[in-house]
Structure formats: C-alpha cells, structure tokens
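Structural features, examined
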Amino acid sequence: EFIKEVTGIKVLEQQLKDKLNLDYVVVVPGDSDELNWVKQEMGKACVQYLKDHMSPEQAIAITGGTTMASVAQMMTSFKGADQCLYVPARGGLGERVENQANTICAEMAKKAKGDYRLLYVPDPLSEESYKTIKEEPSIKEVLDIIRHADIVIHGVGDALTMAQRRKTSPEQLELIQQYEAVGEAFGYYFNRMGEIVHKVRTVGLQLEDLNRSRHVIAVAGGRSKAQAIASYFQPGQSNVLITDEGAAQELIRDF
Ligand code: F6P
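Residues numbered from 1 in each chain as written. Predicted model: local features only at pLDDT ≥ 70, side-chain atom pairs only at ≥ 80, totals over all residues. Heavy atoms only, no water.

With that settled, the discussion passes to the site of the ligand. For the ligand, the set of nearby residues contains 16 residues, the closest of which are Thr66, Thr67, Glu95, Glu184 and Lys225. Side-chain polar atom of Thr67 to an oxygen atom of the ligand: 2.5 Å apart, as the coordinates give it. Glu95 is positioned with one of its side-chain polar atoms (N or O) 2.6 Å from an oxygen atom of the ligand. If the ligand stood free it would expose 400 Å²; the protein chains cover 96% of that surface. Put simply, the ligand lies in the largest pocket. Elements with a minimum of two residues in the shell around the ligand: α3 (66–74), α7 (159–165) and β7 (181–185). Its residues assigned to classes, the shell around the ligand shows 4 nonpolar, 7 polar and 5 charged. (Near = heavy atom within 4 Å. Polar contact = N/O pair within 3.5 Å; in protein donor to acceptor, adjacent residues only side chain to side chain. Areas by Shrake-Rupley, 256 points an atom, 1.4 Å probe, with all protein chains shown as cover. 1 Å grid on protein atoms, 1.4 Å probe; cavity = no way out; pocket = protein on both sides within 12 Å on 5 of 7 lines; lining within 4 Å. Sits in = over half its atoms within 2 Å of the grid points. Helix = DSSP H or I, 4+ residues; strand = E, 2+ residues; numbered from the N terminus. Nonpolar A, V, L, I, M, F, W, Y, C, P; charged D, E, K, R; others polar.)

Set out below in structure tokens:
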C-alpha cells in the first residue's frame, strides 16, 4: 500500500514537471484545503529544497500568506542558513500582520539564525507616494537586495479569495472580476491565459525581476488553487513547484 502511494506521488510529480515545464516538483500527500497539516508538509518540503540548494551568503526573498507562514514555521538553522540574508519580496499587500511578508521574513531569519531586512511601507500606496518612497535611500537599499535575491519563495492564491482578503477597493474588485482573473502571485492578478489583468501598487519584486534568480520556488496547494496555479504557470515564471496531491491531481486532470 505504501509503495503504491509513493509510486503514485512520483508519477504525479513527473507529470506536473512535464506539463508545467519545471525543473523540480514536489507533491506532498493529502489536500491542504481539507487538512491543515498538509500545508506544514509543504513547508517542510520547501525547507528541504533550501537545504539541498542554498549556499552561504545568499539573499532569500519571501512573500506573505499562510503557506509562506508554514515555510517559516518549518525553517531550521541548517548549515549555511545562518549566513544568509532574508528579505520580504514585496511591501504590504493588505494582509493581516501574521500573514505579511515582513513578519514571515523575520520569523524565517530567526529560525535560520540569519540576518534580515524589512520593508516599512504603507499600503495601498498612491502613485505619488509610490514614486517618492522608491527613491528613499533606506528603502532603495532593501529594494536592491530584493531585486538581486538568489532565491525567491512565494505563494500563489485564488484571485477572488485574495482580492477579498486584502483591502481591495470596490472599483478594483470589479476590475478583477470583469477581467476574469483566476490566479494571484506577488500582487499580480492573472487570467486563465496567464495574462496580467491587474497589479497592486507596492514596492518590491516585480515579475520581470524573477529571471535574475536561479531558484524561484512557488509553494501552493489545495484543490481550490489548481486553476490559480495553472494560470500563474502559463508564462512559466518559477522553476520549482511545491504542492500537494489535491492540487496536483486536479492540475493533471483539468488544466
Ligand atoms: O499576499 C501574499 C500572498 O503570497 C499572495 O501573493 C498569494 O496569493 C497568497 O499570499 C497565498 O496565501 P495563502 O498561502 O494563505 O493561500
């Protein structure tokens, strides 16, 4: 029975790797929509990936959300991790404090016994503040580290769920629905074709910065996120996916 289970997972991983054109895929058993510990298993798998691929003196950028919180929760101070620098990938995106990139980044650095820098920016930002803040020397310094991060770890969410979870204005919410956004990552909303239909104005990593990082790790699971994951990977911005069986089965079947 156990062998059968393991083989099933390995097959799923290979299928996903081919389908989404990825370098590395991990599928953990279960569905995080139904069982919360499955999220922790994804967190653990992500930490294992870091153990195998991280080198001392690298910069690691991480986004917010409950899945990223699980990654931070599972982080350990393995060899080299204490000599890395941890930064939030983007400024505030309207999340609750415990799900904000800043909080998660500080937690991750603490577990790793490493150093961190944070981004203190209000959100949402007006166009004028955005332009001024970007040029502030202390912010600029952190933004530069973020843009050149060696490893980026990020969540992917369902577009409407995310828009509702954030302080999204009614006008923006309408746009997101009108343009049929299905997925969200880094504050960008994607439609089924993977086209960007909306973007939250905040400082930090931009989608076009991603090709500078060797490891861009998406951690997202749950059957309900299958379509979101599929839309995000249409243009293929990340090369690593850590997911669960719930999302993986749905992705193979329907998208
Ligand atoms: O708001 C940060 C973020 O990483 C989003 O980009 C993503 O859609 C979401 O969190 C994922 O949240 P969760 O892991 O709680 O589903």
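So that's the structure; there's more coming.
A word on the confidence of the model for the chain. The predicted model of the chain has a mean per-residue pLDDT of 94, with 98% of residues at 70 or higher. For this predicted complex, the interface score ipTM comes out at 0.99, while the overall pTM is 0.96. (pLDDT = per-residue confidence, 0-100.)

The strand order β1-β11-β10-β5-β2-β3-β4 describes an open sheet built from 7 strands, whose pairing is parallel. The open sheet has two free edges, formed respectively by β1 (24–28) and β4 (115–116), since each of these has just one partner strand. Summarising the sheet, strand β2 (residues 59–62) and strand β5 (residues 151–154) pair through 3 bridges and their orientation is parallel. Its bridge partner lying in β5, Ile62 is registered against Ile153. Across the sheet, helix α10 (residues 245–254) touches β1 and β11 (240–244), and the angle it forms with β11 is around 110°. (Pairing = 2+ DSSP bridges. Contact = heavy atoms within 4.5 Å. Axes fitted to C-alpha atoms, helices over the stretch in contact; angles between N-to-C directions.)

All right, on to the sheet that holds β7 then. If you trace the 4 strands from one edge of the open sheet to the other, you get β6-β7-β8-β9, paired in antiparallel fashion. Bordering the open sheet on either side are β6 (157–158) and β9 (196–199), each of which pairs with just one other strand. Pairing of β6 with β7, which is carried by 2 bridges, proceeds in the antiparallel orientation. Considered in β7, the bridge of Gly157 is made with Glu184. Across the sheet, helix α9 (residues 226–233) lies against β6, β7 and β8 (188–191), angled at about 70° from β7, the strand it touches most.

Another point: the packing of α3 against helix α4 (residues 101–112). Remark: α3 packs on α4, axes separated minimally by 8 Å, with the N-to-C direction vectors making an angle of 15°. Classified by the angle their axes make, α3 and α4 are roughly parallel. Like other packed secondary-structure pairs, α3 and α4 cross with a definite hand, here left-handed. Between α3 and α4, the contacting residues are Met68, Ala69, Val71, Ala72 and Gln73 on the first element and Ile104, Glu107, Met108 and Lys111 on the second. Of the residues belonging to the contact of α3 with α4, the class tally is 6 nonpolar, 1 polar and 2 charged. (Parallel < 35°, antiparallel > 145°, perpendicular 65-115°, else oblique. Left-handed = near helix turned anticlockwise from the far one by under 90°.)

Here the focus is unusual backbone geometry. Notably, Asn21 is not glycine yet its phi reads approximately 60°, a positive angle. As for its placement among the helices and strands, Asn21 is situated in the loop between α1 (2–20) and β1. Judged by relative accessible area, Asn21 falls into the exposed class, the value being 68%. Of note in this structure, Lys113 is not a glycine but carries a positive phi near 60°. (Buried < 20%, exposed > 50% of the residue type's maximum accessible area, 1.4 Å probe, protein only.)

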